[in-house]
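Chain and residue survey
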Number of protein chains: 2
Amino acid sequence: MEVLITGGAGLLGARLAKQLLERGTLADAQGKQASISKITLLDVVPAKGFSDPRINVVTGDIADAAMIEEVLTPRTSSVFHLAAIVSGQAEAEFELGMRINFDATRLILERARHNGNKPRVVFTSSVAVFGGDLPAQVPDTQVLTPQSSYGAQKIMGELLVNDYSRKGFIDGRALRMPTVCVRPGAPNKAASSFASGIIREPLNGIEAVCPVSADTPMWLQSPRYAINSLIHGHDIDGSAFGSSRALSLPGLATTVREMVAALERVAGANVVKRIRWEEDPAIIRIVNSWPGNFITKRGDAMGFQRDADFDSIIRSHIEDELGGKVAG
Amino acid sequence: MEVLITGGAGLLGARLAKQLLERGTLADAQGKQASISKITLLDVVPAKGFSDPRINVVTGDIADAAMIEEVLTPRTSSVFHLAAIVSGQAEAEFELGMRINFDATRLILERARHNGNKPRVVFTSSVAVFGGDLPAQVPDTQVLTPQSSYGAQKIMGELLVNDYSRKGFIDGRALRMPTVCVRPGAPNKAASSFASGIIREPLNGIEAVCPVSADTPMWLQSPRYAINSLIHGHDIDGSAFGSSRALSLPGLATTVREMVAALERVAGANVVKRIRWEEDPAIIRIVNSWPGNFITKRGDAMGFQRDADFDSIIRSHIEDELGGKVAG
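So, a few notes on the structure that sits alongside this text. (Residues numbered from 1 in each chain as written. Chains lettered and ligands numbered in written order. Predicted model: local features only at pLDDT ≥ 70, side-chain atom pairs only at ≥ 80, totals over all residues. Heavy atoms only, no water.)

The next point concerns the packing of aromatic side chains. The full count for this structure, using the stated rule, is eleven aromatic pairs over all chains. Judged by centre distance (5.2 Å) and plane angle (90°), the ring pair of F94 of chain A and Y164 of chain B falls under edge-to-face. Placement of the pair is F94 of chain A in helix α4 (residues 94-113) and Y164 of chain B in helix α5 (residues 149-166), with the two residues belonging to separate chains. With centroids separated by 5.4 Å and ring planes inclined at 70°, the aromatic side chains of F130 of chain B and F294 of chain B adopt a geometry described as edge-to-face. Remark: F294 of chain B occurs in the loop between α10 (281-288) and α11 (297-301) and F130 of chain B occurs in the loop between β7 (120-126) and α5; sequence separation between them is 164 residues. (Phe/Tyr/Trp six-rings, centres within 6.5 Å; stacked < 30°, edge-to-face > 60°. Helix = DSSP H or I, 4+ residues; strand = E, 2+ residues; numbered from the N terminus.)

The next point concerns unusual backbone geometry. Residues and elements named next belong to chain A. In this chain, C181 is followed by V182 through a cis amide linkage whose omega measures 10°. Of note, K118 is a non-glycine position whose phi angle comes to about 45°, a positive value. Using a relative accessible area of 43% as the deciding quantity, one classes K118 as partly exposed. (Buried < 20%, exposed > 50% of the residue type's maximum accessible area, 1.4 Å probe, protein only.)

With that settled, consider the pattern of salt bridges. All names here are of chain A. Applying the stated rule across the entire model yields 48 salt bridges over all chains. A salt bridge links D52 to R54; the shortest N-O distance between them is 2.9 Å. Its relative accessible area of 21% is what places D52 among the partly exposed residues. R54 sits in the partly exposed class, given a relative accessible area of 23%. (Salt bridge = Lys/Arg side-chain N within 4 Å of Asp/Glu carboxyl O.)

Before going further, it helps to spend a moment on the relation of the copies chain A and chain B. Here two copies of a chain appear, and what relates them is a rotation about an axis with a shift along it. Its rotation angle being 180°, the transformation that places chain A on chain B also includes 0.0 Å of axial translation and leaves an RMSD of 0.0 Å. Both copies of the chain, as the preceding transformation shows, are related through a two-fold rotation axis. For chain A, the minimum C-alpha distance to the rotation axis belongs to V143 of chain A and amounts to 2.0 Å. When the interface residues of chain A are mapped onto chain B, 97% of them again fall at the interface, so both copies present the same face. (Least-squares fit on C-alpha atoms with pLDDT ≥ 70 in both. Contact = heavy atoms within 4.5 Å.)

In many analyses, interface size is given as the accessible surface area lost on bringing the parts together. Contact with chain A, which involves 34 residues of that partner, is made by 33 residues of chain B. For the pair chain A and chain B, the summed buried area comes to about 2,600 Å², and 54% of that belongs to carbon and sulfur atoms. Three residues stand out in chain A for area buried against chain B, namely F94, L159 and R166 of chain A, and they jointly supply 22% of the buried area on that side. Put simply, E95 of chain A and R113 of chain B hold a salt bridge, and the shortest N to O gap is 2.7 Å. Linking chain A with chain B are 16 residue pairs in polar contact (both at pLDDT 80 or more). The set of elements that each furnish at least two residues to the side of chain A that touches chain B consists of α4 and α5 (149-166) of chain A. (Buried area = accessible area lost by both parts, 1.4 Å probe. Polar contact = N/O pair within 3.5 Å; in protein donor to acceptor, adjacent residues only side chain to side chain.)

For the rest of this paragraph, the subject is the sheet that holds strand β9 (residues 179-180) of chain A. Residue and element names in this part refer to chain A. Sheet architecture is open: three strands sit in the order β9-β11-β13, paired in mixed fashion. Because the sheet does not close on itself, it has two edges, and the strands there are β9 and β13 (252-255). In the sheet, strand β11 (residues 217-221) pairs with β13 via four bridges, with the strands oriented antiparallel. Across the sheet, the residue bridging to M218 is T254, located in β13. Taken strand by strand, helix α7 (residues 223-235) contacts β9 and β11, and its axis lies near 60° from that of β11. (Pairing = 2+ DSSP bridges. Axes fitted to C-alpha atoms, helices over the stretch in contact; angles between N-to-C directions.)

Attention now goes to the packing of α4 of chain A against α5 of chain A. Residue and element names in this part refer to chain A. In the contact formed by α4 and α5, the axes pass within 9 Å of each other and the chain directions differ by 10°. Accordingly, the angle class assigned to the pair α4 and α5 is roughly parallel. Contacts between α4 and α5 pair F94, G97, M98, N101, F102, T105, R106, L109, E110 and R113 from the former with S149, Y150, Q153, M156, G157, L160, V161 and Y164 from the latter. Grouping the amino acids of the contact of α4 with α5 by side-chain chemistry returns nine nonpolar, six polar and three charged. (Parallel < 35°, antiparallel > 145°, perpendicular 65-115°, else oblique. Nonpolar A, V, L, I, M, F, W, Y, C, P; charged D, E, K, R; others polar.)

Once that is clear, we can look at the pairing of strand β8 (residues 171-177) of chain B. Residues and elements named next belong to chain B. Of all the seven residues making up β8, seven are buried; the element is thus mostly covered by neighbouring parts of the structure. Across the two faces of β8 the burial is the same, with D171, R173, L175 and M177 and G172, A174 and R176 all buried. Relative to β8, β7 runs parallel, the two being bridged by seven bridges. Among the inter-strand pairings, T124 is bridged to a residue of β8, identified as L175. With α5 bridging β7 and the parallel β8, this β-α-β connection has right-handed handedness. Looking at chain direction, β8 and strand β12 (residues 246-248) are connected through three bridges and run parallel. (Right-handed = clockwise from strand over helix to strand, strands pointing away.)

Here is the structure:
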């Protein structure tokens with residue numbers, strides 16, 4: 001079977017590809033594990049660090065129909081559609097957000113629909129679909145009143161994934177990811193970028209700005225658990241989703257204060273001193289509109305897993321990204 | 001001020017235009033009643049029966065950007081976007097539904113955004129946004145899990161209206177209309193078409209088929225109350241909507257059995273005998289996925305009104321459409 005990953009050069013895309021290469025299989029249309037013969041990584045920049053012959057790196061625009069036609073073929077039986085314009089940028093650049101977060105998603109679903117083999121399509125949605133008046137713990141039955149263009153665009157994608165699945169065009173799954181933390185690499189334009197920055201930078205001996213208050217509730221998932229959730233979300237039977245293919249994934253409920261306390265426990269007080277507290281109203285507005293805690297009964301019952309605590313998230317980051325070493 | 005009504009040749013569009021001509025005013029951008037100088041009625045067929053010089057009848061495709069550019073100008077300060085592919089047809093013809101119910105809505109909102117005066121845009125949504133596991137009475141906080149393409153497309157329109165309003169591009173309002181009953185004229189391809197047919201046809205001495213069971217719950221609004229809701233929804237201040245511009249309108253909760261009993265009370269047993277009961281699984285599936293009753297606290301608090309009972313709905317139909325006469 002052949003797999004397409006959009007956003008294939010990104011953190012999740014590249015990690016997912018590595019894990020799929022190791023596993024070697026994914027569920028096919030009948031739900032049986034089948035051997036992966038090819039993984040196409042599509043992104044605006046080339047995915048790097050792959051030597052496996054099963055990897056096919058393609059650089060291009062996911063909103064370009066000819067590009068999607070090239071990478072999503074009748075042999076493609078699984079699509080992980082991870083590419084997106086992140087929340088802060090989609091708010092600042094409305095047209096770009098609509099084009100990539102919505103139009104490209106629609107293009108991919110249309111192509112998948114017509115490729116003739118009803119592919120499994122995993123679409124990454126977000127907690128940004130929620131907003132407005134929210135309970136302290138958001139249930140699976142929470143009405144969606146997004147307060148950002150990114151959130152609105154993600155819901156529109158969810159609705160298409162759901163309707164295309166209901167009609168039998170594809171076998172889709174829309175997974176609302178918690179904020180992935182600790183992301184390696186450079187900061188990005190996501191309003192949530194700080195959540196990784198305040199851990200990653202101090203561990204590297206670099207100062208980081210925390211633009212929100214210590215009380216800010218956070219709903220997190222480590223890269224390891226995020227990848228496991230994507231693969232589990234792909235492999236389970238579509239009927240497990242019930243009346244909607246959109247699902248809030250289980251995550252770890254914490255606060256910025258608890259994150260920083262865990263950093264001190266794991267890496268010491270000197271590391272924590274590298275966090276500078278400087279509130280940014282624009283980021284606070286977006287982040288505070290997202291829920292910080294959920295009751296994910298559906299996702300739990302479907303077998304999705306969550307990180308145990310933030311200490312273990314930091315430790316897995318140090319292990320996976322820093323070779324076990326910290327700038328003390 | 002100038003007004004654009006899409007679907008202007010339809011039942012609601014034409015009635016709305018007549019009522020606006022009588023009223024003569026609508027709220028302007030500042031919320032003050034301003035004189036209406038022009039009402040453009042856009043539809044695929046020409047709107048008929050208007051002699052008032054303020055009426056501008058235009059025939060064309062609402063998904064055609066050049067057409068929208070022609071009818072939605074910088075002088076347009078109010079848009080009632082009523083045109084849609086109805087539920088049954090949108091389910092059967094997926095592309096057509098997407099093009100008219102979603103793409104055309106987006107086109108209209110984009111044009112309104114760039115016309116420079118932040119127009120009020122009233123978008124008609126539907127109870128078809130609901131589906132799946134629903135409580136007996138659907139609250140304003142109900143999560144949306146539509147079970148039809150029409151419902152999904154209407155939510156996508158709601159999300160755009162909401163996001164465009166939040167960003168200050170337009171001043172939009174998305175009103176979820178109950179099933180409008182009794183609709184005059186011919187049956188249409190809406191799954192709910194029977195609700196009017198089983199009243200309208202027998203009153204005209206014609207046999208009508210009821211494709212659903214007598215127990216089917218219905219959530220209704222007469223054409224009179226529908227028009228009043230559209231105008232009220234236009235005129236109230238946008239801030240009254242709170243964190244979402246989408247709103248479920250108050251309606252009358254009844255059942256097909258109660259509707260037929262009211263018909264017998266108002267028009268006699270002979271009229272009721274013209275209803276033939278013949279279940280249609282395709283229609284039952286769609287209609288049963290819609291809720292039949294709501295708790296509309298938000299809409300009630302905002303001053304939207306509902307019909308008192310179905311007897312009065314039938315009587316207003318006889319008065320408005322039949323000149324007070326019934327085929328006994």
